[in-house]
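These are the residues of each chain, in order.
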Amino acid sequence: MDAKTGYSDGVAVSKRNSEANTKLREKIQGGETRKETYQGNWQRVDINDVVERFAPGSSPVQNKGKIEFWSMDRKYTVVADTGGGYLRIYDNTTNQYVGLNGEDLHNYTDERGKQHGRSKSDFRAVTHFKIKKRGEK
Amino acid sequence: MSGFVYLMHVPRDAEQVRNADGYAEEMSNVETFELTQEEFDYLDFTNRMFKAFDKEFNLIIMECEEDTIEAEDIDKALDIALEYAKKASSAMELSAVNKVLAALRFAKERGTFLEFDNPPNPKG
């Protein structure tokens, strides 16, 4: 089973369970709201590629409104939201959300080669990734 | 009860925040207040204080996300927290609301903000 299937199955289970679980329903709605509010700034990714890179061979773990993929050494967690269809990559050794290459995204380098700190909102935008639908380019 | 914690960070130095070059520098000198999972769940779902913050300040306080009550909203957040704190009765509930009140009072004293930071549960 690939990560996309694990994620999609997990979303279906969460949505089914949320019919009788108000708390879970609120978590799912929270993810949907976050996506609706911010997704315009999010890069689109294939969840299979991300999980293969950071947590290869992992199984999805349901955790409230999230589905998590943990690397074998516990260094990385790929956290996928069930309501919002997005994911984040967390480095458990630095306690930071990171980019698609595991890089720290707090700073960026401008066209003149000068380094700057990213604002709070920019950092949050670049550490959220919209999950592509299967077959989406 | 789980020992897992949810974090509330408050910068100690408003001047440092004003002069910061970006988010990392803003958060480089903070006081951290920790909520257990049980306390977080109480404030989020039972007490509804966090839902009141969400509604008032356009936040979505939840796991694996960061959200901020900005400095200009701290007084209003304290008013809300004091109102919802009246619902607390058990030791756990009182502990939960008192931690939020302590974090907000510290932010008010320092002239800074409160950031919720809820990382993945390390127990997986």
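Before reading on, note that the structure itself is shown above.
Engineer: Even after reading the chapter, I still don't get the pairing of strand S4 (residues 76-81) of chain A, so can you show me in this structure?
Structural biologist: Two faces make up the sheet, and in a regular strand the side chains alternate between them. Residues and elements named next belong to chain A. Of all six residues that make up S4, six are buried, and the element is covered over most of its length. With burial as the criterion, each face of S4 is covered, one bearing Tyr-76, Val-78 and Ala-80 and the other bearing Thr-77, Val-79 and Asp-81. Note that strand S3 (residues 66-70) and S4 share five bridges and pair antiparallel. When the sheet's bridge partners are listed, Lys-66 is paired in S4 with Asp-81. Connecting S3 to the antiparallel partner S4 that follows it, the hairpin turn spans five residues, and Arg-74 within it adopts a positive phi of roughly 65°. Looking at chain direction, S4 and strand S5 (residues 86-91) are connected through five bridges and run antiparallel. In the strand pairing of S5, Ala-80 is matched with Leu-87. Joining the antiparallel neighbours S4 and S5 is a turn of four residues, in which Gly-85 adopts a positive phi near 65°.

Engineer: I'm lost on the interface of chain B and chain A in this one. Help?
Structural biologist: In many analyses, interface size is given as the accessible surface area lost on bringing the parts together. On the side of chain A, 32 residues touch chain B, which itself brings 31 residues to the contact. A combined buried area of about 2,500 Å² lies between chain B and chain A, and 49% of that area is made up of carbon and sulfur atoms. Measuring nitrogen to oxygen at the nearest pair gives 3.4 Å for the salt bridge that ties A:Lys64 to B:Glu63. Seen at the junction of chain B and chain A, the total is 18 residue pairs in polar contact (both at pLDDT 80 or more). Listed by contribution, the elements that provide at least two residues to the side of chain B that touches chain A are helix H2 (23-26), helix H3 (37-46) and strand S3 (66-69) of chain B. Here the element with the most residues in the side of chain B that touches chain A is H3(B); it accounts for five residues. By residue class, the composition of the side of chain B that touches chain A is 12 nonpolar, six polar and 13 charged.

About the thresholds
Residues numbered from 1 in each chain as written. Chains lettered and ligands numbered in written order. Predicted model: local features only at pLDDT ≥ 70, side-chain atom pairs only at ≥ 80, totals over all residues. Heavy atoms only, no water. Buried < 20%, exposed > 50% of the residue type's maximum accessible area, 1.4 Å probe, protein only. Helix = DSSP H or I, 4+ residues; strand = E, 2+ residues; numbered from the N terminus. Pairing = 2+ DSSP bridges. Contact = heavy atoms within 4.5 Å. Buried area = accessible area lost by both parts, 1.4 Å probe. Salt bridge = Lys/Arg side-chain N within 4 Å of Asp/Glu carboxyl O. Polar contact = N/O pair within 3.5 Å; in protein donor to acceptor, adjacent residues only side chain to side chain. Nonpolar A, V, L, I, M, F, W, Y, C, P; charged D, E, K, R; others polar.

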